[in-house]
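What follows is each chain in one-letter form.
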Amino acid sequence: MAANEIRTVGVIGAGQMGNGIAHVFAQHGYEVLLNDVDEARIDDAIARISKNMDRQVAKGLMTPEDKAAALARIRKCTDLAELGKCDLIIESATENERIKAEIFASLAPHLAPHTILTTNTSSISITRLAAATDRPERFMGLHFMNPVPVMKLVELIRGIATDDETYQTMRKVVDSIGKTVASAEDFPAFIVNRILLPMINEAVYTLYEGVGTVESIDKAMKLGANHPMGPLELADFIGLDTCLAIMNVLHDGLADTKYRPCPLLVKYVEAGWLGRKTGRGFYDYRGETPVPTR
């Protein structure tokens, strides 16, 4: 399928990444069907998209008319049969291989012959996910960065069976939404998270071993390395459960002890302190300003 023939985009998962992906595609003229197992999350996602677009309007990045037109292009969709007719489907569910495979299995009977399947996974094998579908040649990784409306990069990852036509089509689709492609091979965590998550994990070890406090570690990296966010602040933003899931993929997939998740990261996840989305992580967000929890 040629890029200029893609008109409808199905987004599975209305969380932080899914709503950002829906936002960007709708803003650039695509009809978007937004799906989630929890219908209320779709409503919340559309409300969040509207607020984020309000910020763009305030900054002069879009007009009120552009916003209204983009929002009108996003439709709530709970019917897999309807979703399966989309030209392009982007799965953006939680970073769990079993759940992703179940989603693709449930979609299979409803897919149009021409539909391209993609996953927004940040670490899981594209080849393995593709092999569980009926179209591994038209399946690839489409990994957006968070927050999607702001970040310019999209990692494109081919599985072993992905054909060149699908890859070239998705390159053009990424161009059409104003993003920049970085092509990555199908190895655990690809490029960005292969480099970023071990750094975050090392920051957690630095905290765990008492080398520095939450505040001093983040201050050191912001002022000493000119990072816009400290690594622990960034971990809270990403979600500690997602950080742990990616470290586990790296550790299991590469069999190298340097990727062993820090026990303190595991404990925070076990406690349900997952970062901003739960109100507590390495910082406590329940007050007016974030306060370190260690």
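Cut-off values and rules
- Residues numbered from 1 in each chain as written.
- Predicted model: local features only at pLDDT ≥ 70, side-chain atom pairs only at ≥ 80, totals over all residues.
- Heavy atoms only, no water.
- UniProt positions renumbered as here; feature names shortened; annotations may be inferred.
- Helix = DSSP H or I, 4+ residues; strand = E, 2+ residues; numbered from the N terminus.
- Expected span 1.5 Å × (residues − 1).
- Buried < 20%, exposed > 50% of the residue type's maximum accessible area, 1.4 Å probe, protein only.
- Salt bridge = Lys/Arg side-chain N within 4 Å of Asp/Glu carboxyl O.

- In the nomenclature of an unreviewed UniProt entry, the protein is known as 3-hydroxybutyryl-CoA dehydrogenase of Oceanicella actignis.
- UniProt's Sequence similarities (unreviewed entry) comment on the protein is quoted here verbatim: "Belongs to the 3-hydroxyacyl-CoA dehydrogenase family."

## Brief notes about helix 1 (residues 16–27)
No. 1: End to end, helix 1 covers 17 Å across twelve residues, agreeing with the expected 16 Å (1.5 Å per residue, within 8%).
No. 2: The element helix 1 is extensively covered by neighbouring structure, given that ten of its twelve residues are classed as buried.
No. 3: Among the residues making up helix 1, those that are buried are Met-17, Gly-18, Asn-19, Gly-20, Ile-21, Ala-22, His-23, Val-24, Phe-25 and Ala-26.
No. 4: Directly after helix 1, the chain includes Gly-29, whose backbone phi takes a positive value near 95°.

## Overview of the pattern of salt bridges
No. 1: Under the criterion given, the structure shown has 16 salt bridges.
No. 2: Asp-54 is paired through a salt bridge with Lys-67; the nearest N and O atoms lie 2.6 Å apart. With Asp-54 in helix 2 (residues 39–58) and Lys-67 in helix 3 (residues 64–72), this pair connects stretches of sequence that are 13 residues apart.
No. 3: You can call Lys-67 buried: its relative accessible area is 16%.
No. 4: The salt bridge involving Glu-95 is made with Lys-100; its shortest N-O contact spans 3.8 Å. Lys-100 carries the same exposure label as Glu-95, and that label is buried.

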